[in-house]
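Secondary and tertiary structure notes
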Amino acid sequence: TYRLSDDGEVFKLTLKTSTDKSKFALQLCLAYRITWGPHTTEVSFVDLDTGEGDSLEVGDSCGIKYFCWVEESEGVIGGLIDTNEVNGLARLDFVIGAGTVFPGLDQGVVGMRPEGRRRLAIPSHLVGGGAGLNVGQLPAGLVLHMEVTVAAVASNDT
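Residues numbered from 1 in each chain as written. Predicted model: local features only at pLDDT ≥ 70, side-chain atom pairs only at ≥ 80, totals over all residues. Heavy atoms only, no water.

**Here's the deal with the packing of aromatic side chains**
Rule in force here: Only Phe, Tyr and Trp rings are paired, with Trp represented by its six-membered ring, and only when their centres lie within 6.5 Å; those with planes under 30 degrees apart are stacked, over 60 edge-to-face, the remainder tilted. Type-normalised accessible area, obtained with a 1.4 Å probe on protein chains alone, sets the label of each residue: buried when under 20%, exposed when over 50%, and partly exposed for intermediate values. We call a charge positioned over a ring when the NZ of a Lys or the CZ of an Arg lies within 6 Å of the ring centre and within 35 degrees of the ring normal.
Per the stated rule, a full pass over the model turns up 1 aromatic pair. Between F67 and W69, the aromatic rings sit 6.4 Å apart at their centres with planes inclined by 25°, giving stacked as the arrangement. Looking at W69, the relative accessible area reads 16%, which means it is buried. Taking the ring centre of F45 as reference, the NZ or CZ of R118 above it sits at 3.8 Å.

**As for the environment of G79**
The condition is simple: Only DSSP runs of H or I covering at least 4 residues are called helices, and only runs of E covering at least 2 are called strands; the numbering of each starts at the N terminus. Residue contacts follow a heavy-atom distance rule, with two residues in contact if any of their heavy atoms lie within 4.5 Å.
Inspection of the secondary structure assignment puts G79 in strand 5 (residues 76–83). Considering only alpha carbons, one finds G79 and W69, 10 residues apart in sequence, at a separation of 6.0 Å. Setting aside residues up to four positions removed in sequence, G79 forms contacts with C68 and W69.

**Brief notes about the pattern of salt bridges**
Stated formally: By salt bridge we mean one thing: a side-chain nitrogen of Lys or Arg within 4 Å of a carboxyl oxygen of Asp or Glu.
By the definition in use, this model includes 4 salt bridges. Salt-bridge contacts for E147 lead to R117; the nearest nitrogen and oxygen are separated by 3.7 Å. With E147 in strand 8 (residues 143–154) and R117 in strand 7 (residues 117–123), the pair connects residues that are 30 residues apart, well separated along the chain. Between R119 and E147 there is a salt bridge; the shortest N-O distance is 3.4 Å.

Here it is in structure tokens:
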């Protein structure tokens, strides 16, 4: 169930399957992206499943499962370009904020919880480099879309 608020009105939408949730999140990210315009400078996201437990913070170690697509033109998503499975990884492990993944991914996972799933829209200037990812550099103006699931967490205060 999603609760969306716009100018004080609350809309409720219930999606029954994981596929429906993913498709809805993609459309919502695209709608946000189009509303913000082609030169948005921030990572946007929609939570598909919030997960449980403490939220991830900078300095925490996490392991994620992910899928990546590129927005080829405004509102048009291309085919799958990368996933942890293609790279032979059960998951991608990294410390948030340590610079081992590209900045948009670091920013995009902050606030997620264990077993949480999130759809990210990351502008091109926040994409590039990072261990275990084959997305490379994106041309200016393009957006990387990712679906991320938190598979493992180790807090920085343990």
